[in-house]
Amino acid sequence: MILITTPGKVGSEAARLLVERGAPVRMLARDPAKASALRQVGVDVVEGDLDAPATIDAAMRDVTGVVLVSPAVVAQELNVIASAARAGVGTVVKITSKASADSPIARQRGQAEIEAGLIASGVGYTLLRNNFYMQNFLMLAPAIAATGAFGSSAGPGLVGFVDTRDVAAVAAEIAASPGPHIGKTYRLTGPELLSYADVAAVLAKLLDRPIVFSERTIEEDKQAMMSVGVPEPIAAMNAHAVSLIAEGDAAWLSEDVPAILGRPARTFARFAADHAAAFS
Ligand SMILES: NC(=O)c1ccc[n+]([C@@H]2O[C@H](COP(=O)([O-])OP(=O)(O)OC[C@H]3O[C@@H](n4cnc5c(N)ncnc54)[C@H](OP(=O)(O)O)[C@@H]3O)[C@@H](O)[C@H]2O)c1
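Bear in mind that the values here come from a model prediction, so they are computed numbers and not experimental data. In every chain, residue numbers begin from 1 and rise along the written sequence. Where local features are concerned, this predicted model is filtered to residues with pLDDT of at least 70; where side-chain atom pairs are given and counted, the filter is 80 or more; whole-chain, interface and lining totals use all residues. Hydrogens and water are ignored here; the side-chain numbers use all heavy atoms of the structure.

The next thing to look at is the side chain of serine 153. Helix and strand labels come from DSSP, where a helix needs a run of H or I of at least four residues and a strand needs a run of E of at least two; each type is numbered from the N terminus. Looking at the secondary structure, you find serine 153 in the loop between β7 (149–152) and α7 (164–176). Residue classification places serine 153 among the buried residues on the basis of a relative accessible area of 9%. Side-chain polar atoms of serine 153 contact the side chain of aspartate 221, separated by 2.7 Å. Apart from residues lying up to four places away in sequence, serine 153 is in contact with Arg216, Thr217, Ile218, Asp221, Ala239, Val242, Ser243 and Ala246. Between buried and exposed lies partly exposed: a residue is buried under 20% and exposed over 50% of the maximum accessible area for its type, with that area taken using a 1.4 Å probe on protein chains only. Contacts described as polar in this section are N or O atom pairs within 3.5 Å, which, within protein, must combine one atom able to donate a hydrogen with one able to accept it, while residues neighboring in sequence count only if both atoms come from side chains. Contacts are assigned to residue pairs that have any heavy atoms within 4.5 Å of one another.

As structure tokens, this is what we get:
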């Protein structure tokens, strides 16, 4: 049995892919109603909360592998790792980002603390350190559709955006056949480096109308995130992370997606075409 810790973008797609290949999958969900589509395709959806270790222990029954994906609150993910160690789980595939103990971004420091806790736990592990997600643009899609414009403090910085469907496919592949991947760290990216102006050009071509990218300040980014419901401290942290793109923080690519999946990583043009309705 493979346990996936949240039914978000990566967790839900990984669950679907594992079911397709015939693997037994359990999904921990704090609101099982949100995972009802997964239950319909055969996923064992169980109610639980990453703040409540007893619920994680209950979900860990008969589990041999875990896909650890969540908003990466340190105490919550360490709860999962401790539970996996108690249950004698073979492998944890950890979804992470550009983790670093001395990063100015709290989430990246937290990811480093979780990674260190996982390595120290003695449970087999694989780390998937991912670049920025293409799906982040879905949050901007209503504004892009309405105004034909979007802004960011990323400036002219380049990003190796990765599609969360590819992150999920890699996580599912490793969870299904962990052997060759134990103890390894992969860096997941798409196939190309793009600036936000390049993203605007891809969207303009797809939608056949002008899409304008404008540079804005970190404060403007933070306010924009708060206006769509992101809590203030998270908006401040995310805006800071985006501003570092301007300094080259996300200008990295790797061949790990095609190497693991045996096919190219999805391009931003493919992502945009698959979500054209959201941007239209
Ligand atoms: N966004 C990026 O560009 C990016 C890039 C690299 C790495 N990452 C990493 O990706 C991870 C986030 O993955 P994602 O984008 O797939 O997540 P997501 O789509 O934002 O989904 C998060 C899920 O966590 C659930 N959740 C939140 N708190 C919970 C709790 N206490 N107990 C149980 N479930 C809880 C949410 O449930 P509800 O629906 O009930 O809220 C939701 O299903 C983080 O580790 C992040 O650092 C993100």
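Turning to the side chain of asparagine 131, a few remarks are in order. Position of asparagine 131 relative to the elements: it lies in the loop between β6 (124–130) and α6 (137–147). The exposure class of asparagine 131 is buried, given its relative accessible area of 3%. A polar side-chain atom of asparagine 131 sits 3.0 Å from the main-chain carbonyl oxygen of alanine 250. Apart from the residues within four sequence positions on either side, asparagine 131 is in contact with Val159, Gly160, Val162, Leu188, Thr189, Ala250 and Trp252.

It is characteristic of soluble globular proteins that their nonpolar side chains tend to be buried jointly. One finds Ile4, Leu18, Ile95, Leu128 and Leu188 to be the most contacted residues of the largest nonpolar core, which totals 33 residues. If you list the elements that add at least two residues to this core, you get β1 (2–4), α1 (9–20), β2 (25–29), β5 (91–96), α7, β8 (184–188) and α11 (256–261). These domain boundaries are the output of an automatic or database domain assignment. Composition of this core by domain shows at least three residues from each of domain 1 (2–130) and domain 2 (131–162 + 189–251 + 264–280). Apart from residues lying up to four places away in sequence, isoleucine 4 is in contact with Gly11, Ala14, Ala15, Leu18, Val25, Arg26, Met27, Leu28, Val67 and Val69. Only buried Ala, Val, Leu, Ile, Met, Phe, Trp, Tyr and Cys residues count toward a nonpolar core, and they belong to the same one when joined by side-chain atoms within 4.5 Å. Core analysis: the second largest hydrophobic core is formed by 27 residues, Met134, Val159, Ala235 and Phe279 among them.

The next subject is the domain arrangement of the protein. Per the domain assignment, the segments making up the protein are domain 1 (2–130) and domain 2 (131–162 + 189–251 + 264–280). Look at where the C-alpha atoms of domain 1 and domain 2 centre, and you get two points 27 Å apart. Contact with domain 1, which involves 11 residues of that partner, is made by 12 residues of domain 2. Once two parts are put together, the accessible area they lose, assessed with a 1.4 Å probe and summed over both, is termed the buried area. When residues of domain 1 are sorted by the area they lose upon contact with domain 2, Ile105, Arg107 and Asn130 head the list and together hold 52% of the total. Here a salt bridge means any side-chain nitrogen of Lys or Arg lying within 4 Å of a carboxyl oxygen belonging to Asp or Glu. The partner of lysine 98 in a salt bridge is aspartate 249, with the nearest N and O atoms 2.7 Å apart. Joining domain 1 to domain 2, the criterion identifies three residue pairs in polar contact (both at pLDDT 80 or more). Tallying contributions element by element places helix α5 (residues 106–121) first for the side of domain 1 that touches domain 2, with three residues. Split into classes, the residues belonging to the side of domain 1 that touches domain 2 amount to five nonpolar, two polar and four charged. In the scheme used here, Gly and all other residues not listed as nonpolar or charged are polar, with Ala, Val, Leu, Ile, Met, Phe, Trp, Tyr, Cys and Pro taken as nonpolar and Asp, Glu, Lys and Arg as charged.

For α6, the full list of buried residues reads Phe137, Ala141 and Ile144. What you see down the axis of α6 is that its buried residues fit within an arc of 85°, all on one side. Exposed residues lying more than 90 degrees from the buried face of α6 are Met139, Pro142, Ala146 and Thr147. Check the buried side of α6 and you find it contacts β7, α8 (196–207), α12 (268–274) and α13 (276–279). Glycine 148, located one to two residues past α6, shows a positive phi value of around 70°. Regarding the arc, it is the one traced by the directions from the helix axis to the C-beta atoms.

Right, let's talk about the site of the ligand for a bit. Whether a residue is near a molecule or strand depends on its heavy atoms: if one lies within 4 Å, it is near. Taken together, 24 residues sit near the ligand, with Lys9, Arg30, Gln111, Tyr133 and Asn136 positioned nearest. In the model, an oxygen atom of the ligand is placed 2.8 Å from a nitrogen or oxygen of the asparagine 136 side chain. Taken together, the elements giving at least two residues each to the shell around the ligand come down to α1, β5 and α5. For the shell around the ligand, a count of residues per class yields nine nonpolar, 10 polar and five charged.

At least two DSSP bridges between two strands are needed for those strands to be called paired. Taken together, the seven strands give an open sheet; going across it, the order is β3-β2-β1-β4-β5-β6-β8, and neighbouring strands pair in parallel fashion. Both outer strands of the open sheet, β3 (44–47) and β8, are each paired with one neighbouring strand and no more. Taken over all neighbouring pairs, the strand axes of this sheet differ in orientation by 20° on average, direction set aside. With four bridges connecting them, strand β4 (residues 65–68) and β5 associate as parallel partners. Paired with valine 66 across the two strands is valine 92, which belongs to β5. Angles here are taken between N-to-C directions and fall from 0 to 180 degrees, while the axes themselves are lines fitted to C-alpha atoms, restricted in helices to the stretch in contact.

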